[in-house]
Each structure stands twice: as C-alpha cells, then as structure tokens.
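Structural overview for review
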Amino acid sequence: MVINGRELSASLKAQMAAQVVELTKQYGRAPHLVVILVGEDPGSVSYVTGKSKAADEVGIRNTTLRRDASISEQELLDLIAELNADDTVDGILVQLPLPKHIDEDKVIAAIAVEKDVDGFHPLNVARLWLKQSCVLPCTPKGIIKLLKSADIEISGKEAVVIGRSNIVGLPVAKLLTDENATVTVAHSRTRNLAEVTRRADILVVAIGKERFVTADMIKPGAVVIDVGVNRDSRNGKLCGDVDFETCEPVASYITKVPGGVGPMTICCLMENTIECFVKRMNR
Ligand code: NAP
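Residues numbered from 1 in each chain as written. Predicted model: local features only at pLDDT ≥ 70, side-chain atom pairs only at ≥ 80, totals over all residues. Heavy atoms only, no water.

**Looking at the overall build of the chain**
When helices and strands are tallied, the chain shows 10 helices and 11 strands. Computed over C-alpha atoms, the radius of gyration of the chain comes to 19 Å, within 12% of the 19 Å expected from 2.2 N^0.38 for 283 residues, which places it in the range of a compact globule. Principal-axis analysis of the C-alpha atoms gives the chain an extent of 55 × 40 × 40 Å. The proportion of buried residues among the 283 residues of the chain is 48%. Relative to all contacts within the chain whose residues are 6 or more apart in sequence, the contacts with residues 24 or more apart total 69%. Positive and negative side-chain charges in the chain, numbering 34 and 37 respectively, have mean positions lying 2 Å apart. (Helix = DSSP H or I, 4+ residues; strand = E, 2+ residues; numbered from the N terminus. Rg over C-alpha atoms; globule rule 2.2 N^0.38 Å. Buried < 20%, exposed > 50% of the residue type's maximum accessible area, 1.4 Å probe, protein only. Contact = heavy atoms within 4.5 Å. Lys, Arg positive; Asp, Glu negative; His and termini not counted. Charge placed at Lys NZ, Arg CZ, Asp CG, Glu CD.)

Set out below in structure tokens:
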C-alpha cells in the first residue's frame, strides 16, 4: 500500500485552517511566518514557494524576504535580530543551504528559540534529545505522522534509518526510539548495508541518491519511507532514494516521491508555526 503524504497533508492543512480561523478570533491576528531566502538556488526557490502556498492555504500570514547571495553574514544576523525583536513575527525560517561565506550554524543559533519553526536551533535539538517540550524538526515529525496515519505499529519493531544528517537521519532515529522501536542508523561507512536494511520492519531512507535502495535490500512486508529528493537521470523528473517500481511489490507500505514525505514536511512547518504562535501568545 502506498502511504499518501499529499492526501494526509491536505486533510491536516484543512484542520489547521479551521484552527487558524479560531486562533485569529481569539488573539486578534493570524500567526505570522517569515521566510528568508538568500540567493536564487532553484531548489530553494521552489521549496520557499511551496511553503508560502501552504501558509496561504492554512491562513498563516507569511512574508518571504529575498536577499541577494552577496549579503554578508553580519547583515543576515542583523536581519534575524530585527525579526527576533518584532512582536508581530511568530516564526523565522532561513532557507538552507546558505552561500559558502555564511556560517549556517551561527545563523541558526541566532534565531530566537521560540521562533525556530524548523526546530534546528541547538536548544531545540538538545530538548529533543532530552525528551523535553520542543519544536520538532519538520521532516522527522512528518515521517512519524505518516506511519501513525497508516496505523503502523512502531513499538518493538526493528527500524533502520539510512542517513545520519542533523535534519533528517539522526532526529528521525531519535523519534523512532521514543516510539519504542529498536533503531539502527546506517550511513556511508556501514558494512554490508543490504544485510542491515533487510532486518528492518521499518526502513527510512534519507541519503540523496536516486533509486539507491533496491528490492533485494528490503525484507518482505517492510514499511519503506523514502525521504530522498533527487532528479531522475533517466527523465529529469523528481525521484526518491528508493527504486519504487521494484520495491513496492516487496514492501507492505511505501511512500512515493513526490507525494510522500515532502508534503508532510511542509505541513509540519505550518503546525510548528501555529505552535510557536500559541506559545508566544500565552507567555
Ligand atoms: P545529507 O546531509 O547529505 O546526508 C546524507 C546521508 O546519507 C549521510 O549520513 C551519508 O552518510 C548517507 N549516505 C550517503 N551515501 C550513502 C551510501 N552509499 N550508503 C549509505 N549511506 C549513505 O542529506 P539529508 O539532508 O539528510 O537529505 C537526504 C535526502 O533527503 C536528500 O535527497 C534531501 O534532498 C532529502 N530531503 C527531503 C526532505 C523532504 O521534506 N522530503 C527534507 C530534507 C531532506 P555519511 O554521514 O557517512 O556521509
């Protein structure tokens, strides 16, 4: 069965739209998300456009601040400081990657933690690992929602995550651990990767290599979540890290690219923005 992230995110966005109407009545204004886009990277432009469209659907006020790729690190930090101090701004997102002359870690740490809708601020990361209340990173949060939407039992299951990035692999491994899965994190130095992945009841793939996971790497009946976003070298279209055609018959549940994890990431960004807004309003 295909777990449809597009459908799930549409229904969650409809619920959030109704919630935002109520919140707007209650607090006298809608939540406000500010997205900073530095440069013209086509991938980043398209992600930012998607986020703004979703915010419009949900009724979240959203502002995209475009800055030239030549912006200095200090100018960007000053802009963030301004937005931190602006009481009408509830969420700040700096679209990554940033140009090489800007230190991403420094920029992320400069965002006020209560406005960090991406959940990338070091304090939010620490709180996640300490199991404290925090803003969860959008993609891992969306993956857990996808699994739960299909009533997939996570507790006690063998989960394997391929990829150990700070934004996907490691936090999703943590969330799966919190859901009581037994989790293995695999990466480029993992030996006998196929042997490891074949143990998985739940396989999450976040590598960034087109159709890397093939049917022989999957245990029959496994749940396969494909996070990858790649260009298919055969036809230029978007494709995942999992070879969908060959893996789909082997898996019990599988996600598609596009239409799987991607829409859930954006949906969770909307949820995080609403969460930050409500928390700020109740300070
Ligand atoms: P990343 O930072 O580049 O990390 C990739 C990970 O894959 C690394 O941990 C790397 O291992 C591992 N890897 C690379 N080659 C491997 C191999 N041959 N065997 C096993 N592991 C291997 O990427 P990311 O930011 O996590 O993103 C991963 C993919 O997800 C990308 O396609 C990205 O575009 C996509 N993505 C999608 C969404 C969404 O919303 N759909 C959100 C975020 C990212 P090492 O650590 O050993 O180098």
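**Side note on the site of the ligand**
Residues in contact with the ligand amount to 22 residues; listed here are only the nearest, Arg-164, Ser-165, Ser-188, Val-229 and Thr-265. The separation between a nitrogen atom of the ligand and a polar side-chain atom of Lys-209 is 3.0 Å. Within the complex, the protein chains bury 72% of what would otherwise be the 920 Å² of accessible surface of the ligand. Tallying contributions element by element places helix H10 (residues 261-281) first for the shell around the ligand, with three residues. Tallied by class, residues from the shell around the ligand come to 10 nonpolar, 10 polar and two charged. (Near = heavy atom within 4 Å. Polar contact = N/O pair within 3.5 Å; in protein donor to acceptor, adjacent residues only side chain to side chain. Areas by Shrake-Rupley, 256 points an atom, 1.4 Å probe, with all protein chains shown as cover. Nonpolar A, V, L, I, M, F, W, Y, C, P; charged D, E, K, R; others polar.)

**Comments concerning the sheet that holds strand S2 (residues 32-38)**
Ordered in space as S3-S2-S4, the three strands form an open sheet in which the pairing is parallel. Here the strands that pair on one side only, and so sit at the sheet edges, are strand S3 (61-67) and strand S4 (91-94). If you compare each strand with its neighbour and ignore which way they point, the axes differ by 15° on average. Two strands pair when backbone bridges link them, and S2 and S4 are joined in this way by four bridges, in the parallel orientation. Within the sheet, the bridge partner assigned to Ile-36 lies in S4 and is Val-94. Packed on one face of the sheet, helix H3 (residues 73-85) meets S2, S3 and S4 and runs near 175° to S2. (Pairing = 2+ DSSP bridges. Axes fitted to C-alpha atoms, helices over the stretch in contact; angles between N-to-C directions.)

**Looking at the sheet that holds strand S1 (residues 2-3)**
If you walk across this open sheet you meet the six strands as S1-S11-S8-S7-S5-S6, and the pairing is parallel. Looking at strand neighbours, the two that pair on one side only are S1 and strand S6 (182-186), the edges of this open sheet. Of the pairings in the sheet, the one linking S1 to strand S11 (residues 253-255) comprises two bridges and is parallel in character. When the bridges of S11 are listed, Val-2 appears paired with Ile-254. Most of the contacts of helix H6 (residues 138-149) go to strand S8 (residues 223-226), to which it runs at about 145°, and overall it touches S1, strand S7 (202-205), S8 and S11.

**Regarding the pattern of salt bridges**
Within the structure shown, the criterion is met by 17 salt bridges. When the shortest N-O distance is used, the salt bridge between Lys-13 and Glu-57 registers 2.9 Å. On the criterion of sequence distance, the pair formed by Lys-13 in helix H1 (residues 5-27) and Glu-57 in helix H2 (residues 42-58) is long-range, its members being 44 residues apart. Exposure remark for Lys-13: the relative accessible area of 16% places this residue in the buried category. With its nearest N and O atoms 2.9 Å apart, the salt bridge here joins Arg-234 to Asp-232. Taking the relative accessible area as the measure of exposure, Arg-234 reaches 56% and is therefore exposed. Counted as one network, the salt bridges with shared partners bring together Arg-29, Asp-87, Asp-90, Arg-280 and Arg-283. (Salt bridge = Lys/Arg side-chain N within 4 Å of Asp/Glu carboxyl O.)

**A few points about the nonpolar core**
Ranked by size, the top nonpolar core spans 52 residues in total, and within it Leu-147, Leu-176, Val-204 and Met-270 carry the most contacts. Considering each element in turn, this core owes the most residues, nine residues, to H10. Non-local contacts of Leu-147, meaning those with residues more than four positions away in its chain, are made with Ile-152, Ile-154, Leu-176, Ile-202, Val-223 and Ile-225. Membership of the second largest hydrophobic core comes to 18 residues, among which are Val-205, Val-213, Met-217 and Val-242. (Core = buried A, V, L, I, M, F, W, Y, C linked by side-chain atoms within 4.5 Å.)

**Let's talk about the domain arrangement of the chain**
In terms of domain boundaries, the chain breaks down into domain 1 (27-115) and domain 2 (138-262). Computed from C-alpha atoms alone, the centre-to-centre distance between domain 1 and domain 2 is 29 Å. (Domains from an automatic or database assignment.)

**Re the pairing of S8**
Residues of S8 alternate between two faces, with Val-223 and Ile-225 on one and Val-224 and Asp-226 on the opposite face, all of them buried. Of the strand pairs in this sheet, S7 and S8 are connected by four bridges, and their pairing is parallel. For Ile-202, the partnering residue across the bridge sits in S8 and is Val-223. Strand direction decides the pairing type here: S8 and S11, joined by two bridges, are parallel. Residue pairing in the sheet places Val-223 in a bridge with Tyr-253 of S11.

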